[in-house]
Amino acid sequence: CNPRCARAQKSLAFLAMEQGRYDDAILLCREAISADPSYEQAYIELAGALQLAGRHDEALKALQQAVALNPRNLEYLLRAISLLRDAGLLEEALPGLEWAAAICEEPAVRLALGECYLDLDRNREAMDAFNAVLRTRPRDLRALDLLQTAYLKEGEIAQALRIACRLAIVCPQDPMNFFRKGVLFQQMGDLRQAIESFQRVVEIAAESDTDLAARARTAVDLLDGLQLRQMITLATDDPVFRARMRRDPIEAAAARGFHLSDSGLSALQQVEMDELPSLQVAWVRRNYH
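So, a few notes on the structure that sits alongside this text. Every value quoted in this text rests on a predicted model; they were computed, and no experiment measured them. (Residues numbered from 1 in each chain as written. Predicted model: local features only at pLDDT ≥ 70, side-chain atom pairs only at ≥ 80, totals over all residues. Heavy atoms only, no water.)

### As for the overall build of the chain
Part 1: Assigned secondary structure in the chain consists of 17 helices and zero strands.
Part 2: Against the globule reference of 19 Å for 289 residues, the chain gives a C-alpha radius of gyration of 29 Å, more extended than a compact globule.
Part 3: Expressed along its principal axes, the backbone C-alpha trace of the chain runs to roughly 100 × 40 × 35 Å.
Part 4: Evaluated residue by residue, the chain yields a buried proportion of 43% over its 289 residues.
Part 5: Contacts spanning at least 24 positions in sequence make up 48% of the contacts within the chain whose residues lie at least 6 apart.
Part 6: Summing over all exposed atoms, the chain offers an accessible surface of approximately 15900 Å²; the carbon and sulfur share of this is 50%. (Helix = DSSP H or I, 4+ residues; strand = E, 2+ residues; numbered from the N terminus. Rg over C-alpha atoms; globule rule 2.2 N^0.38 Å. Buried < 20%, exposed > 50% of the residue type's maximum accessible area, 1.4 Å probe, protein only. Contact = heavy atoms within 4.5 Å. Areas by Shrake-Rupley, 256 points an atom, 1.4 Å probe, with all protein chains shown as cover.)

### Some words on the pattern of salt bridges
Part 1: A full pass over the atoms with the stated rule returns 13 salt bridges.
Part 2: Glutamate 154 is the partner of arginine 124 in a salt bridge, and the nearest nitrogen-oxygen pair spans 3.5 Å. Separated by 30 residues along the polypeptide, arginine 124 in helix H8 (residues 123–136) and glutamate 154 in the loop between helix H9 (141–153) and helix H10 (157–170) bring together distant segments of the chain.
Part 3: A relative accessible area of 45% means that arginine 124 is categorised as partly exposed. (Salt bridge = Lys/Arg side-chain N within 4 Å of Asp/Glu carboxyl O.)

### Quick look at the packing of helix H12 (residues 191–205) against helix H13 (residues 210–237)
Part 1: Where H12 meets H13, the axes come as close as 8 Å, and the angle between the chain directions of the two elements is 150°. Judged by the inter-axis angle, H12 sits roughly antiparallel to H13. When you trace H12 past H13, the crossing you get is left-handed. Taken together, the residues of H13 that come into contact with H12 (itself represented by Leu191, Ala194, Ile195, Phe198, Gln199, Val201, Val202 and Ala205) are Thr210, Leu212, Ala213, Ala216, Arg217, Ala219, Val220, Leu223, Asp224 and Gln227.
Part 2: For the contact of H12 with H13, a count of residues per class yields 13 nonpolar, three polar and two charged. (Axes fitted to C-alpha atoms, helices over the stretch in contact; angles between N-to-C directions. Parallel < 35°, antiparallel > 145°, perpendicular 65-115°, else oblique. Left-handed = near helix turned anticlockwise from the far one by under 90°. Nonpolar A, V, L, I, M, F, W, Y, C, P; charged D, E, K, R; others polar.)

### A closer look at the environment of glutamine 270
Part 1: Within the fold, glutamine 270 resides in the loop between helix H16 (262–269) and helix H17 (276–286).
Part 2: Judged by relative accessible area, which is 58%, glutamine 270 ranks as exposed.
Part 3: Along the sequence, glutamine 270 and arginine 244 sit 26 residues apart, while their C-alpha atoms lie 15 Å from each other.

### Remarks on unusual backbone geometry
Part 1: Phi is positive for aspartate 121, which is not a glycine, with a value near 60°.
Part 2: With respect to the helices and strands, the residue aspartate 121 is situated in the loop between helix H7 (107–119) and H8.

### Quick look at the packing of H8 against H9
Part 1: Where H8 meets H9, the axes come as close as 9 Å, and the angle between the chain directions of the two elements is 155°. With respect to H9, the element H8 is oriented roughly antiparallel. Regarding H8 and H9, the two cross each other, and that crossing is left-handed. The segment H8 lies against H9, with Asn123, Met127, Phe130, Asn131, Val133 and Leu134 engaging Ala143, Leu144, Leu146, Leu147, Ala150, Tyr151 and Lys153.
Part 2: Of the residues in the contact of H8 with H9, the class split is ten nonpolar, two polar and one charged.

### Things to note about the nonpolar core
Part 1: Residues Leu46, Phe130, Leu147, Phe198 and Val201 are the most contacted members of the largest nonpolar core, which totals 81 residues.
Part 2: Not counting the four nearest positions on each side in its chain, phenylalanine 198 is found in contact with Phe179, Gly182, Val183, Gln186, Ala216, Ala219, Val220 and Leu223. (Core = buried A, V, L, I, M, F, W, Y, C linked by side-chain atoms within 4.5 Å.)

### Focus on the packing of aromatic side chains
How two aromatic rings sit relative to each other is given by the distance of their centres and the angle of their planes.
Part 1: In total, this model carries one aromatic pair according to the counting rule given.
Part 2: One Lys or Arg, arginine 200, reaches over the ring of phenylalanine 178 and ends 5.5 Å from the middle of that ring.
Part 3: For the cation-ring pair, arginine 256 lies above phenylalanine 241, with the distance from its terminal atom to the ring centre recorded as 5.3 Å. (Phe/Tyr/Trp six-rings, centres within 6.5 Å; stacked < 30°, edge-to-face > 60°. Lys NZ or Arg CZ within 6 Å of the ring centre and 35° of its normal.)

### As for the side chain of glutamine 148
Part 1: With respect to the helices, strands and loops of the structure, glutamine 148 is situated in helix H9.
Part 2: Glutamine 148 sits in the buried class, given a relative accessible area of 3%.
Part 3: A polar contact of 3.5 Å, which involves the side chain of glutamine 148, links it to the backbone oxygen of alanine 160.
Part 4: In this structure glutamine 148 touches Ala160, Ile163, Ala164, Leu167, Arg180 and Leu184, once residues within four positions along its chain are discounted. (Polar contact = N/O pair within 3.5 Å; in protein donor to acceptor, adjacent residues only side chain to side chain.)

### Considerations on a nonpolar patch on the surface
Part 1: Together, Leu12, Phe14 and Leu15 make up an exposed nonpolar region whose accessible area comes to about 280 Å².
Part 2: For phenylalanine 14, a relative accessible area of 40% puts it in the partly exposed group. (Patch = residues over 30% accessible without salt bridge, like charges linked within 9 Å, V, L, I, M, F, W, Y side chains within 5 Å.)

### A look at the state of the cysteines
Part 1: Going through the model one piece at a time under the given rule, you end up with zero disulfides.
Part 2: Free cysteine: cysteine 29, not disulfide-bonded; nearest cysteine sulfur from cysteine 5 at 13 Å. (Disulfide = S-S within 2.5 Å.)

Below is the structure:
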């Protein structure tokens, strides 16, 4: 009835895309734009077809034309910025995100802005963006995860650990939250909390994520081994501590601030206290190289 109906052409383009005929979809979108250059949905459909066809630069230009027609439609803007970020053009994406965040409190905009700051190593500004999201959505997992990354990039281990603990509370069934806690506790020198966190990972991920569970077990074994070597060295040099170790090794270890896993405690009880000097020499020789 109307060969130049832009809406019909755009709808035909959508159906062509659904069938995987991307070149046909692109031609139909261009016909729709030719029929009505102010029809912004045609540009969006064109951008989608171009993106699916792998023509990302042209897709970005189509999105930018849609933004020019309706600059307050944040969906268009965010799609355009996503393409810029995917292309590595972070500096070009940032002004649009800053403008969008200034006029809109939408969490998705703030998160995208924070991620852009993070990619540009503007970590303090990224923290501000993520905290702005968390003020209205305190359990937003994405914001918490990105905020933790920003703290780590700034070397603020204590703050990153605070976020890791918060994530473990919000999402207690995710073993990665506890693994990160373990790593951060280890970096802070709190071996007791580190071992407990790694053991929690083993409990949760024993069947669901065997690789992560194995990494957690290895971490526990390393921490146990480190502490056992420290105890052997200490007992060799300190006769009082050695006497306490002979009487009750578990109590003596706890009194000096050591914390072992169950397997570590089992290994400790098998140490022959009367042979500590020779054990120390053997350990030094074995690890010399």
